[in-house]
Amino acid sequence: MTSFSRLFLLLISLTFITANDFDCPHDCECRTGLNNFHILCKNNGIDQFGMEFYNMEPGEISQNRQMLRLICYTKNDFYEFLPELKLNPYIQITFYNCDINQTSIRRLEVRLFEDHQENLLNLEVTSNHFFMLSGFEKLPHLEMLAFFYNNIENIDPKLLHPMTNLRRLYFIHNNVTYLPSKLLKNNRRLEKITIEEPTLQELPDAFLSNFPNLNYVEIECRLEYLSENLFRGSKSIEKLFIRYNDLWKIPIDVFVDQENLTDLSLKSNYLKILHEGVFRNLKKLSNLDLSKNQLRNVSENLFAGLINLEVLNLRDNQIYTIASSAFAQNPLIRYLNLEQNEISLAVGNNSMFAPLKYLKKLYLANNEITEFHFNWLAKKFHFEFLDLTNNKIEKLNLKELPVNPIQDASKGVTIDLGNHKVNEMSVPEHNIDLYAYAPMELISYTVKMAYNVHLEEFFNVTAEDVVKRFITFDYYNKNQ
């Protein structure tokens, strides 16, 4: 789930009141404080219904906003308590775990919505037991509507049509299996939408197309495919998360209009192939997550056009080949994660990392690498960390470590081989000419690996003093 808690929330915009405006209902206990009060109602000594009132700080949402939380401890119908309450115009009313069925929704609408439809801006309905959404036509001014953890199976195609001011919409774990194609027909001001419905397998064609203000989209369902026109014309989308679905392919033009996209996640799908050009118009994209798919290779032009890409996550795929020029058009990449793949990196085939002059961290753990070359690190002044743990490296060629002067805040590079024993090591044979770099300080290298007394003796005997200042070792399990 996203940042929302599993509560039943019903948020209503109303005018300023104080805790003293409430009378304590019959068979209820009431406590008041400076900015809050609490009510607990009982039936035959058993907690049935509770209320908590908070006067929220000015400026937190807007001036003079209050919150009222109603808790149905036994899921009984809460209406038996409402006649004794002075239902003043609250900013937020929270119903949690109440038994709201379709009939009760109509009663709720009459009791609360009808008198305050001009002020009602936010409505959240969570953890209840109704099966159909309808009857919200009296809420034309809603800006936010959310349904969390209900049993919704049917949605009136015209449910949202009166809500022309709707900005944020959430459907999360409601057992929804179908969304009407015209559901968002009149909601052109929509800015954010989250759909997390594990029972939903498809979205209508062009469902999220031509929304001029839409900037955030999150879809976590069981989608097996995406319509090529799904986002067509919605050019303001900046963050797009299509995670935890069942996608096995992506239409080549599905992102063609997302020129302002900065964050894209296709994590946890079943993608095996991505067409070259699928990301071609995403000039502003800085964060791309393709982790936990079934990709087998990274082709030469797969990431062509991503000139501002900074974070690329390919973790936990089945990648075994990467084209030598795969990242040639992505020089700004700072974090590259290739963990948990089948990469072997044939001898000398580290050239794909050469164009990444701003690279800071490279993750290659849990692959099939037997030998690794370091010459590509030349002039990588920002580089900090290389993770090679759980590979099959037996030979360590430290002769290739470049002598880089320190720039910016960089102080050194850590190369982590994990708890794996290296059987062969080569180090620079000659002193490094420090005077050639004076007065600049040189980047030092720390190599973390399993302890091997023979290699330690070899390094102590072979390496010159300057080299020892250049390279240090941090051993795992030295006492074993």
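## Focus on the overall build of the protein
Here is step 1: Each helix and strand in the protein was counted, giving three helices and 27 strands.
Here is step 2: Counting the 480 residues in the protein, one finds 50% classified as buried.
Here is step 3: For the protein, long-range pairs separated by at least 24 residues make up 61% of all intrachain contacts whose partners lie at least 6 apart in sequence.
Here is step 4: Split by element, the accessible area of the protein, about 21,800 Å² in all, is 45% carbon and sulfur.

## Description of the sheet that holds strand S23 (residues 395-397)
Here is step 1: Strands sit in the order S21-S23-S25 across an open sheet of three strands; the sheet is parallel. Edge positions in the sheet fall to strand S21 (371-372) and strand S25 (424-426), since each has one partner strand and no second.
Here is step 2: In this structure, S21 lies alongside S23, joined through two bridges in parallel fashion. By the bridge assignment for S23, Glu371 is matched with Lys395.

## Comments concerning the pairing of strand S6 (residues 122-126)
Here is step 1: In terms of residue burial, S6 counts as a mostly covered element, since five of its five residues are buried.
Here is step 2: Burial along S6 is two-sided: Asn122, Glu124 and Thr126 facing one way and Leu123 and Val125 facing the other are all buried.
Here is step 3: With five bridges connecting them, S6 and strand S8 (residues 144-148) associate as parallel partners. Residue pairing across strands places Thr126 opposite Phe148, the latter belonging to S8.

## Points about the confidence of the model for the protein
Here is step 1: The pLDDT averaged across the protein works out to 78; a share of 67% of its residues lies at or above 70.
Here is step 2: Taken together, the stretch residues 100-112 has pLDDT below 50 and engages in 35 contacts with residues farther than four places along the chain or on a different chain.

## Some remarks on the nonpolar core
One broad rule of soluble globular proteins: the nonpolar side chains tend to lie buried together.
Here is step 1: In terms of nonpolar packing, the biggest core is built from 106 residues, with Phe231, Phe255, Phe279, Phe303 and Phe327 touching the most fellow members.
Here is step 2: Met144, Ala146, Tyr149 and Ile172 belong to the second largest nonpolar core, which has six residues in total.

## Thoughts on the pairing of strand S11 (residues 192-196)
For a regular strand, the rule is simple: side chains alternate between the two faces of the sheet.
Here is step 1: With four of five residues buried, S11 is to be regarded as a mostly interior element.
Here is step 2: Direction of pairing for strand S10 (residues 168-172) relative to S11: parallel, over a ladder of five bridges. Bridging from a neighbouring strand, Tyr170 pairs with Thr194 of S11.

## A few points about the environment of Asn175
Here is step 1: As for its placement among the helices and strands, Asn175 is situated in the loop between S10 and S11.
Here is step 2: What makes Asn175 partly exposed here is its relative accessible area of 38%.
Here is step 3: Asn175 sits 24 residues away from Thr199 along the chain, and the two C-alpha atoms are 5.6 Å apart.
Here is step 4: Not counting residues up to four positions away in its chain, the partners in contact with Asn175 are Asn150, Asn151, Ile152, Glu153, Glu197 and Thr199.

## Quick word on unusual backbone geometry
Here is step 1: We note that His173 has phi near 55°; this positive angle belongs to a residue other than glycine.
Here is step 2: Along the chain, His173 turns up in the loop between S10 and S11.

## Observations regarding the environment of Lys380
Here is step 1: Within the element layout of this structure, Lys380 appears in the loop between S21 and strand S22 (385-387).
Here is step 2: With sequence-adjacent residues up to four places away left out, Lys380 is seen in contact with Phe353, Ala354, Leu356, Lys357 and Asn404.
Here is step 3: Looking at Lys380, its side chain comes within polar contact range of the main-chain oxygen of Ala354, at 3.0 Å.
Here is step 4: Among the polar contacts listed, one links the side chain of Lys380 to the backbone oxygen of Trp376, at a separation of 2.9 Å.

## Examining the packing of aromatic side chains
Here is step 1: Tallying each qualifying case throughout the model produces 14 aromatic pairs.
Here is step 2: Here Phe279 and Phe303 contribute two aromatic rings whose centre-to-centre distance is 6.3 Å and whose plane-to-plane angle is 15°, an arrangement assigned as stacked. One end of the pair, Phe279, is in the loop between strand S14 (263-265) and strand S15 (287-289); the other, Phe303, is in the loop between strand S16 (297-298) and strand S17 (311-313), and 24 residues separate them in sequence.
Here is step 3: Look at Phe353 and Trp376: their rings are 5.2 Å apart centre to centre, the planes differ by 50°, and that puts the pair in the tilted class. Placement of Phe353 in the loop between strand S19 (335-337) and strand S20 (361-363) and of Trp376 in the loop between S21 and S22 is noted, with a sequence separation of 23 residues between them.
Here is step 4: By relative accessible area, Phe353 is classed as buried at 0%.
Here is step 5: Overall, Trp376 belongs to the buried group, its relative accessible area being 4%.
Here is step 6: Its guanidinium or amino end placed over the ring of Phe211, Arg188 lies 3.8 Å from that ring's centre, counting from NZ or CZ.
Here is step 7: Above the plane of the ring of Tyr216 lies Lys192, whose end atom (NZ or CZ) is 4.5 Å from the centre.

## Here we look at the pattern of salt bridges
Here is step 1: Applying the stated rule across the entire model yields 12 salt bridges.
Here is step 2: The partner of Glu191 in a salt bridge is Arg167, with the nearest N and O atoms 3.8 Å apart. One end of the pair, Glu191, is in the loop between S10 and S11; the other, Arg167, is in the loop between strand S9 (154-155) and S10, with 24 residues separating them in the sequence.
Here is step 3: Residue Arg167 is classed as partly exposed on the basis of its relative accessible area, which comes to 24%.

## Thoughts on the environment of Pro355
Here is step 1: For Pro355, the position within the fold is in the loop between S19 and S20.
Here is step 2: Remark: the alpha-carbon pair of Pro355 and Lys380, spanning 25 residues in sequence, is separated by 9.7 Å.
Here is step 3: The contact partners of Pro355, leaving out residues within four places of it in the chain, are Phe327, Ala328 and Pro331.

Analysis parameters
- Residues numbered from 1 in each chain as written.
- Predicted model: local features only at pLDDT ≥ 70, side-chain atom pairs only at ≥ 80, totals over all residues.
- Heavy atoms only, no water.
- Helix = DSSP H or I, 4+ residues; strand = E, 2+ residues; numbered from the N terminus.
- Buried < 20%, exposed > 50% of the residue type's maximum accessible area, 1.4 Å probe, protein only.
- Contact = heavy atoms within 4.5 Å.
- Areas by Shrake-Rupley, 256 points an atom, 1.4 Å probe, with all protein chains shown as cover.
- Pairing = 2+ DSSP bridges.
- pLDDT = per-residue confidence, 0-100.
- Core = buried A, V, L, I, M, F, W, Y, C linked by side-chain atoms within 4.5 Å.
- Polar contact = N/O pair within 3.5 Å; in protein donor to acceptor, adjacent residues only side chain to side chain.
- Phe/Tyr/Trp six-rings, centres within 6.5 Å; stacked < 30°, edge-to-face > 60°.
- Lys NZ or Arg CZ within 6 Å of the ring centre and 35° of its normal.
- Salt bridge = Lys/Arg side-chain N within 4 Å of Asp/Glu carboxyl O.

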